[in-house]
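Here is what each chain is made of, one letter per residue.
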Amino acid sequence: DTAVSQTPKYLVTQMGNDKSIKCEQNLGHDTMYWYKQDSKKFLKIMFSYNNKELIINETVPNRFSPKSPDKAHLNLHINSLELGDSAVYFCASSQDTGGNLGRETQYFGPGTRLLVL
Amino acid sequence: GNSVTQMEGPVTLSEEAFLTINCTYTATGYPSLFWYVQYPGEGLQLLLKATKADDKGSNKGFEATYRKETTSFHLEKGSVQVSDSAVYFCALIDGYQKVTFGTGTKLQVIP
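The notes below deal with the structure included here. Computed from a predicted model, the values in this text were never measured in an experiment.

### Description of the sheet that holds strand β8 (residues 75-78) of chain A
Residue and element names in this part refer to chain A. Spatial strand order, β1-β3-β8-β7: four strands in an open sheet with antiparallel pairing. Unpaired on one side and paired on the other, β1 (4-7) and β7 (64-67) mark the two borders of the sheet. Neighbouring strand axes in the sheet, compared pairwise and without regard to direction, differ in orientation by 20° on average. Inspection of the sheet shows strand β3 (residues 19-25) paired to β8 by three bridges, in the antiparallel sense. Paired with Ile 21 across the strands is Leu 76, a residue of β8.

Given below as structure tokens:
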């Protein structure tokens, strides 16, 4: 009963390819996120998305695009992959608190290890 | 904008030593504060949290107190174990649901 799941776990591909990473949460949360973790373990938020709003980190290249077919899924599509895209990508989810700060704990998926050759 | 500053690692301790990992923040309003832990090869897991000033979060022997006067949320544990070896992330979420993580501190506990 994995709360937040990601597929694939590992992804090895060549430069220039287009790939997608899928994320699903079964927690009934309203908000989902994508993070990129580099080789130094630095964690950077890429997107947050809920029913109302997509928030894009302006430093994320437009080759990255989140796609949400429904509230439980937030997939990450990457066009024209580059060497620098190699990283671990984490999906996360949280409940939209509507101002109740005590409920925004984020639950993370296991990560997708992307290697671009 | 918001920011979270953690002490740089790696931190290497002997088993049963006392642990402190410093975390300070800047944010507008009254954010919620979190510590997440990442074990090797795994995703992040919530370790503890505090949602208002003077709150103390605790879990698995770890504690952190929300200090608004010093804008700090230092992580402490009285006696670390080898199994505590991991990367620890301090994070905040502000009133606009904006999330900010620190850069992470790697802890290595040796027997």
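### A few points about the pattern of salt bridges
Following the criterion strictly, the structure yields six salt bridges over all chains and no others. With a closest N to O distance of 2.8 Å, A:Arg63 and A:Asp85 form a salt bridge. Here the residue A:Arg63 occupies a position in the loop between β6 (54-56) and β7, and A:Asp85 occupies one in the loop between β8 and β9 (87-94), the gap between them amounting to 22 residues. Across this residue pair, the class does not change: A:Arg63 and A:Asp85 are buried. Across the pair B:Lys56 and B:Glu63 runs a salt bridge, and its minimum N-O distance is 3.6 Å. Connected via shared salt-bridge partners are A:Arg63, A:Glu82 and A:Asp85.

### Some thoughts on the sheet that holds strand β8 (residues 62-65) of chain B
All names here are of chain B. One open sheet accounts for four strands, arranged β3-β9-β8-β7; its pairing is antiparallel. The two strands at the open ends of the sheet, each matched to only one other strand, are β3 (19-21) and β7 (56-59). The sheet shows a mean angle of 15° between the axes of neighbouring strands, taken without regard to direction. Two elements, β3 and strand β9 (residues 75-77), share three bridges in a ladder whose sense is antiparallel.

### Some points on the interface of chain A and chain B
Reports often express the size of an interface as the amount of accessible area lost when the parts come together. Each partner contributes to the interface: chain A provides 20 residues, whereas chain B provides 21 residues. Taken over both partners, the interface formed by chain A and chain B buries close to 1700 Å², and the fraction arising from carbon and sulfur atoms is 55%. For the interface between chain A and chain B, the tally reads zero salt bridges. Where the side of chain A that touches chain B is concerned, the elements lending two or more residues are β4 (31-37) and β5 (43-49) of chain A. In terms of residue count, β4(A) provides more of the side of chain A that touches chain B than any other element does, three residues in total. For the side of chain A that touches chain B, a count of residues per class yields nine nonpolar, seven polar and four charged.

The rules behind these values
The residue numbers shown here count from 1 along each chain, following its written sequence. Note on labels: chains are lettered from A, ligands numbered from 1, in written order. It should be noted that, the model being predicted, local features are given only for residues of pLDDT at least 70 and side-chain atom pairs only at 80 or more, the latter also being counted only at that level, while totals for whole chains, interfaces and linings use all residues. Hydrogens are left out, water is left out, and the side-chain values use all remaining heavy atoms of the structure. Note on pairing: two strands pair once DSSP finds at least 2 bridges between them. The helix and strand labels rest on DSSP assignments: H or I over at least four residues marks a helix, E over at least two residues marks a strand, and numbering proceeds from the N terminus. The convention used is that axes are lines fitted to C-alpha atoms, helices contributing only their stretch in contact, and that angles between N-to-C directions extend from 0 to 180 degrees. Take a side-chain nitrogen of Lys or Arg and a carboxyl oxygen of Asp or Glu: if they are within 4 Å of each other, that pair is a salt bridge. The buried label applies to any residue whose accessible area, calculated with a 1.4 Å probe on protein chains only, is under 20% of its type's maximum; exposed applies above 50%, and partly exposed to all values in between. Every residue pair with non-hydrogen atoms within 4.5 Å of one another is taken to be in contact. Two parts placed together each lose some accessible area; with a 1.4 Å probe, that loss summed over both constitutes the buried area. Note that Gly is not counted as nonpolar here; it falls among the polar residues with everything else outside the nonpolar set of Ala, Val, Leu, Ile, Met, Phe, Trp, Tyr, Cys and Pro and the charged set of Asp, Glu, Lys and Arg.

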